[in-house]
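# Observations on the three-dimensional arrangement
One-letter residues, chain by chain:
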Amino acid sequence: MAHSMIDKLLSQETEENGDNTLAKPDFRIGDIISFPGNDLSYRIVSMIDDEIQLVQMDINSININAISRDYLMELLDHSEIQILPHEDLIVDEKKINSKIRQAHDVDVKIALEMQEYFKNDYLRLKTQTGTDFVKAQMDKYGIGKTKIWRIYRRFLQSSFDSNALYDKRILSHDLSHRVYHNKVGRKPKYSTFGKNLTDNDLKNMDTYIKKYKSNIFSSVSSCYKDMLGKYYTEYIREEDGSAMPVLLPASELPSLNQFRYRLNKVLTEEEKSLIKAKRKDISEGNNSLNDSDFLFDIHGPTTVVEMDEQEMDLSAVSYFDPKLAIGRFILHVIVDVQSKLVMAISVSLDNNSVVGATHCLMNLAENHVDFCKKYGVEITSEAWPSGNRVKAIRVDRGSEYMSKEFARICRENSISLIPTPARTASRKGTVEKQFSLFGAIWKDLLAEYGLISRLHDSNHHEKAVLDYYDVMKICITNVLAYNMSEIENFKRSKNMLSKKLLCSPINLWNYYNSRYHTVHPIGNKNAFLYSLMTPTTCYISKSGVRWEGLWYQYKDTDIDDLRWKGNHHKMEVRMDRRDVSHLYYIKDDRLMIMSLNPKKTYNMDFKDMPYEIYMKYRKIQKELEAHAREQNITIDVANRILVKSVLAENKRDTYANIQNMNENRIAEKNLIKSENTMHKAIKNEKFEKPMIEKKQDDNVWPSWDEISDHMSDDEKDFILD
């Protein structure tokens, strides 16, 4: 594949340094360096120039050492060390109690503050600076020194994986279904209001919290009282027929403080400040938002990113049949606010969908060198940074970003979700500017290739020639060109002016990272990808593992045990909406995969099929099943009517004669055999008259006595024997 012009510009410095530079091993932060001779292993936690800092693994203390890259390379050349693969720790968020989750969030905050303070120079942890910083965090969070150092050690040894901060002893117990029999919290001093809240109580609160957000004239107290009036009020019928509303006893009502606590827990700080500003002065609007720019309180790349999608002004054709037009693709983009660098993109046909958003989040964790190679573009890792963790995502109030699914994804990855204020102009200036730049690049080049315009004779769908891979390649080259292009009229700081910094997004990314050290890799890629999957439920029975009419095979003895127990068992799993071929779940902190069972009839017909397409087939299946039930009921009704008519014709008032039942049965059997002989079944022009006929007068078969009149004594004895 040919190198792009962008790649050549980036690789000039590498080529000038000669072949020795290219021969260096690609050591990365997070690699495990093992010394087979003494069973020691170290994790790479920092690389500053030619110095590599390592932390020792599998010990209960922090042992950090520095080693030169050349010496480490020499050890690797002599096979004295080896690089081991890293196994990710994946945590099932549904099994984590909310209290433990809150404590874990504090631990993550402590670890991230340490990471930002020491700025990749973790040797300073062993100096007086490290001791002073630990004391400062002890005072700030009220936590003992032992726990602080344990947080540091787990965070460093796991390559900055926040899941490693969970205590494995806690993860071994399912605390999500703990039942409280008494009201939690401090006992009220005077009031009797308050109860042990149920899921139904929380649902009622969330309903009126939404009303509190949507109605700028409402207050917390009024919403709370309206909730009590709707869900916690009984109506007693008076003697005159009128209904009198009566509030339930105080011990059965949520208190106002419980409602306030739930509101403060559900609302984000951005929403709280917006609501406060609107209630302060409704007529003037939220003018205070314009007092600062988008970079206010943002210090370093990945601190805040913006994410959005837009329909491309380009009509495309099908990859499978280029003669078929398919309309517009949807472009998703994630842009770093500080450096303006495009961190991730995706092209799909999923608009206003969480699936489309997860496409882009997957690209955030993907290696961009390998990603670009799939579409015929070769780059170096410096051209487009990849695999970096973000701390906050600013989004608009689209349905996909305001959904519970997207909120769950952000929560599981410790990402703050910042929605823009409602009923205001777009506050995502960075990503909106990116869309306008992309559009400007396309207009003149793609005018005759399906570019969509407002002209009445544009015929953009008829002119469409580009398929998915073509559009993806164009988008990649645009991203690479944009990340290298100078930003005109960029407001530089004093330090930037002193250095005469050229302000392209890639230069700004490197500059701000060297200053703030906020760029950190996603420590646990598998856990990140697992969080992008959709939680669902499968069922285990003796027949196997079933989900939405499909059957899956597995390699898990625990599932076999459930199958032998019989009945139906539920199991929480996750599925990828892009492919129903697999289900995923966590066992012993490992990611387990179940695949379609090829031994089940028609199961493999749906292999590699997206969820939306499969559900259409599933809908047809259910419709046919419903039609079958209705048809069977119709047939059964008609059948019962016919049976009843036969019974009505043969109804009589006397009982059957039970004498000589054995002889009568033998005669009947002989008669049936005579009526069903092969000779009578063969079509022939000549048919013999039956030996015995029904009596026409009473419509009954002749008795044994009448039949036996035609037989000899030997025949009678033979039959009866």
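Everything numeric in this text was worked out from a predicted model, so none of it was measured. (Residues numbered from 1 in each chain as written. Predicted model: local features only at pLDDT ≥ 70, side-chain atom pairs only at ≥ 80, totals over all residues. Heavy atoms only, no water.)

## Some thoughts on the overall build of the protein
- Across its full length, the protein carries 26 helices and 18 strands.
- Burial status across the protein gives 39% buried among its 721 residues.
- Of the contacts made within the protein by residues no fewer than 6 positions apart, 63% connect residues no fewer than 24 positions apart.
- Surface exposure of the protein reaches about 44,100 Å², of which carbon and sulfur atoms provide 51%. (Helix = DSSP H or I, 4+ residues; strand = E, 2+ residues; numbered from the N terminus. Buried < 20%, exposed > 50% of the residue type's maximum accessible area, 1.4 Å probe, protein only. Contact = heavy atoms within 4.5 Å. Areas by Shrake-Rupley, 256 points an atom, 1.4 Å probe, with all protein chains shown as cover.)

## Quick look at helix α23 (residues 661-675)
- Spanning 15 residues, α23 covers 21 Å between terminal C-alpha atoms, matching the ideal 21 Å at 1.5 Å per step.
- When we look at burial in α23, the residues that qualify are Ile666, Ala667 and Leu671. Axial view of α23: buried residues confined to an arc of 135 degrees, hence all on one face. Turned more than 90 degrees away from the buried face of α23 sit Met661, Arg665 and Lys673, all of them exposed. (Expected span 1.5 Å × (residues − 1). Arc of directions from axis to C-beta.)

## Description of the sheet that holds strand β1 (residues 32-35)
- Strand order in the open sheet formed by five strands is β4-β3-β2-β1-β5, and the pairing between neighbours is antiparallel. The sheet terminates laterally at β4 (64-68) and β5 (82-84), the two strands that pair on one side only. Taking each pair of neighbouring strands and ignoring which way they run, the sheet shows an average axis angle of 40 degrees.
- Looking at chain direction, β1 and strand β2 (residues 40-48) are connected through four bridges and run antiparallel. Its bridge partner lying in β2, Ile33 is registered against Tyr42.
- Those strands touched by helix α3 (residues 69-77) are β1, β2, β3 (51-56) and β4, and its axis lies near 85 degrees from that of β4. (Pairing = 2+ DSSP bridges. Axes fitted to C-alpha atoms, helices over the stretch in contact; angles between N-to-C directions.)

## So, unusual backbone geometry
- Of note in this structure, Thr302 is not a glycine but carries a positive phi near 70 degrees.
- Within the secondary structure layout, Thr302 lies in the loop between α11 (269-280) and β8 (305-317).
- Classification of Thr302 as buried rests on a relative accessible area of 0%.
- Phi at Lys340 takes a positive value of approximately 65 degrees, unusual for a residue other than glycine.
- Following the sequence through the fold, Lys340 ends up in the loop between β9 (325-336) and β10 (342-348).

## Considerations on the side chain of Asn524
- Secondary-structure assignment places Asn524 in the loop between α19 (505-516) and α20 (525-531).
- Judged by its relative accessible area of 5%, Asn524 is buried.
- Among the polar contacts listed, one links the side chain of Asn524 to the side chain of Asp161, at a separation of 2.7 Å.
- Beyond its immediate chain neighbours, meaning those up to four positions away, Asn524 contacts Asp88, Leu89, Ile90, Asp161 and Asn163. (Polar contact = N/O pair within 3.5 Å; in protein donor to acceptor, adjacent residues only side chain to side chain.)

## What about the nonpolar core?
- Ile345, Trp384, Val471 and Ile476 are the most contacted members of the largest nonpolar core, which has 27 residues in total.
- For this core, the secondary structure elements donating two or more residues are β8, β9, β10, α13 (368-373) and α17 (468-484).
- In terms of residues, this core owes the most to one element, α17, which gives seven residues.
- Residues in contact with Val471, not counting those within four places in the same chain, are Met312, Leu314, Phe329, Val347 and Leu466.
- Residues Met343, Cys360, Tyr401 and Ile409 belong to the second largest nonpolar core, which totals 26 residues. (Core = buried A, V, L, I, M, F, W, Y, C linked by side-chain atoms within 4.5 Å.)

## Let's talk about the pattern of salt bridges
- One pass over the structure, following the stated rule, counts 19 salt bridges.
- One salt bridge in this structure joins Arg408 and Glu412, with 3.1 Å as the shortest N-O distance. Of this pair, Arg408 and Glu412 both sit in helix α14 (residues 404-412), separated by four residues, roughly a single helical turn.
- Here Glu412 falls in the buried class, since its relative accessible area comes to 12%.
- Of the charged contacts in the structure, one is a salt bridge between Glu548 and Arg618, with a shortest N-O distance of 3.6 Å. Placement of the pair is Glu548 in the loop between β14 (544-547) and β15 (550-553) and Arg618 in helix α22 (residues 611-649), with a sequence separation of 70 residues.
- Judged by relative accessible area, Arg618 falls into the buried class, the value being 18%.
- A single salt-bridge network, built from bridges that share partners, covers Glu405, Arg408, Glu412 and Arg574. (Salt bridge = Lys/Arg side-chain N within 4 Å of Asp/Glu carboxyl O.)

## Some thoughts on the environment of Gln258
- Considering the arrangement of structural elements, one finds Gln258 in helix α10 (residues 256-266).
- For the pair Gln258 and Tyr224, spaced 34 residues apart in the sequence, the C-alpha separation amounts to 10.0 Å.

## Observations concerning the pairing of strand β18 (residues 590-596)
- Sheet analysis places β15 next to β18, joined by two bridges and oriented antiparallel. When the bridges of β18 are listed, Gln553 appears paired with Ser595.
- Where strand β17 (residues 579-587) lies against β18, six bridges are found, and the strand directions are antiparallel. Looking at the pairing, His582 lines up with Ser595 of β18.
- Linkage of β17 to β18, two consecutive antiparallel strands, is achieved through a turn of two residues, within which Asp588 is found at a positive phi near 50 degrees.

## Section: the packing of aromatic side chains
- Summed over all chains, the structure comprises 23 aromatic pairs.
- Arranged with centres 5.5 Å apart and planes meeting at 65 degrees, the rings of Phe155 and Phe160 form a pair that is edge-to-face.
- With a centroid separation of 5.3 Å and an interplanar angle of 75 degrees, the aromatic rings of Tyr401 and Phe406 are classed as edge-to-face. Comparing Tyr401 with Phe406 shows no difference in burial state: the two are buried.
- Through pairs of rings, three or more aromatic residues link up here, namely Tyr319, Phe320, Phe329, Phe371, Tyr375, Trp384, Tyr468 and Tyr469. (Phe/Tyr/Trp six-rings, centres within 6.5 Å; stacked < 30°, edge-to-face > 60°.)

## Quick notes on the sheet that holds strand β11 (residues 392-395)
- The five strands are arranged β10-β9-β8-β11-β12 in an open sheet whose pairing can be described as mixed. Since the sheet does not close on itself, it has two edges, and those belong to β10 and β12 (416-419), each with one partner. On average, each strand axis in the sheet is tilted by 30 degrees relative to the strand beside it, whichever way the strands run.
- In this sheet, β11 lies alongside β8 in parallel orientation, the contact comprising two bridges. Each residue of the ladder has a partner; that of Val305, found in β11, is Ile393.
- Set on the sheet, helix α12 (residues 354-365) makes contact with β8, β9, β10 and β11; between it and β10 the angle comes to about 140 degrees.
- Relative to β10, α17 is tilted by about 165 degrees, and along the sheet it contacts β8, β9 and β10.

## Some remarks on the packing of α12 against α14
- The N-to-C vectors of α12 and α14 enclose an angle of 25 degrees; their axes lie 10 Å apart at closest approach. Judged by the inter-axis angle, α12 sits roughly parallel to α14. For the pair α12 and α14, the sense of crossing is right-handed. Side by side, α12 and α14 meet where Val354, Ala357, Thr358 and Leu361 of the first sit next to Glu405, Phe406 and Ile409 of the second. (Parallel < 35°, antiparallel > 145°, perpendicular 65-115°, else oblique. Left-handed = near helix turned anticlockwise from the far one by under 90°.)

## Brief notes about the confidence of the model for the protein
- Of all residues in the protein, 80% attain a pLDDT of 70 or more, and the chain-wide mean is 81.
- Below pLDDT 50 for its whole length, residues 1-24 participates in 22 contacts with residues either more than four positions away or in separate chains.
- This stretch, residues 281-292, has a pLDDT under 50; its non-local contacts, to residues over four places away or in other chains, come to eight contacts. (pLDDT = per-residue confidence, 0-100.)

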